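Structural overview for review
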Amino acid sequence: MTRYKSRTSFKTIERDFPHHVDILVPDGGLGKRLDDMYAWHHARGIQAMHGRGRRDESGRDYVR
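Residues numbered from 1 in each chain as written. Predicted model: local features only at pLDDT ≥ 70, side-chain atom pairs only at ≥ 80, totals over all residues. Heavy atoms only, no water.

Brief notes about the packing of aromatic side chains
- In the structure shown here, the tally under the stated rule is zero aromatic pairs.
- Above the ring of Y62, the side-chain terminus of R54 is found at 4.1 Å from the ring centroid. (Phe/Tyr/Trp six-rings, centres within 6.5 Å; stacked < 30°, edge-to-face > 60°. Lys NZ or Arg CZ within 6 Å of the ring centre and 35° of its normal.)

Examining the confidence of the model for the protein chain
- Overall, the predicted model of the protein chain reaches an average pLDDT of 82, with 89% of residues at or above 70.
- For the protein chain, the element scoring lowest by mean pLDDT is helix α1 (residues 10–16), at 76; helix α2 (residues 32–43) scores highest, at 90. (pLDDT = per-residue confidence, 0-100. Helix = DSSP H or I, 4+ residues; strand = E, 2+ residues; numbered from the N terminus.)

Details of the environment of D16
- Note that D16 resides in helix α1.
- Relative accessible area serves as the criterion here: at 45%, D16 is assigned to the partly exposed category.
- Separated by 3.1 Å, the side chains of D16 and R15 make a polar contact. (Buried < 20%, exposed > 50% of the residue type's maximum accessible area, 1.4 Å probe, protein only. Polar contact = N/O pair within 3.5 Å; in protein donor to acceptor, adjacent residues only side chain to side chain.)

Digging into the sheet that holds strand β3 (residues 61–63)
- Within the open sheet, the three strands sit side by side as β1-β3-β2. Their pairing is antiparallel. Each end of this open sheet is capped by a strand with a single partner; those strands are β1 (23–24) and β2 (54–55).
- Here β1 runs beside β3; their pairing, made up of two bridges, is antiparallel. Among the inter-strand pairings, L24 is bridged to a residue of β3, identified as Y62. (Pairing = 2+ DSSP bridges.)

A look at the pattern of salt bridges
- Going through the model one piece at a time under the given rule, you end up with five salt bridges.
- A salt bridge links R64 to D22; its shortest N-O distance comes to 2.9 Å. Taken together, the residues R64 in the segment after β3 and D22 in the loop between α1 and β1 connect sequence positions 42 residues apart.
- For D36, the salt bridge is made with K32, and the minimal N-O distance between the two is 2.8 Å. One end of the pair is D36 and the other is K32, both in helix α2 and four residues apart, which spans about a single turn. (Salt bridge = Lys/Arg side-chain N within 4 Å of Asp/Glu carboxyl O.)

Looking at the environment of K11
- Within the secondary structure layout, K11 lies in helix α1.
- A relative accessible area of 63% means that K11 is categorised as exposed.
- Sequence separation between K11 and R52 is 41 residues, and the spatial gap between their C-alpha atoms is 8.6 Å.

Structure below.
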């Protein structure tokens with residue numbers, strides 16, 4: 001059972017899409033750049049998929 005109705009699980013996304021892009025999140029966050037990434041996907045008719053984020057040993061965050 002999914003946690004949220006009609007939302008694909010991270011496990012399913014990572015299985016169906018084997019190529020990943022990990023982005024280092026700057027200290028102030030992604031801000032407008034994240035909006036630009038979503039606009040790029042929307043302009044090309046691509047549905048953006050979200051994978052698992054992670055934090056390295058030094059405390060830096062990465063989003064997938």
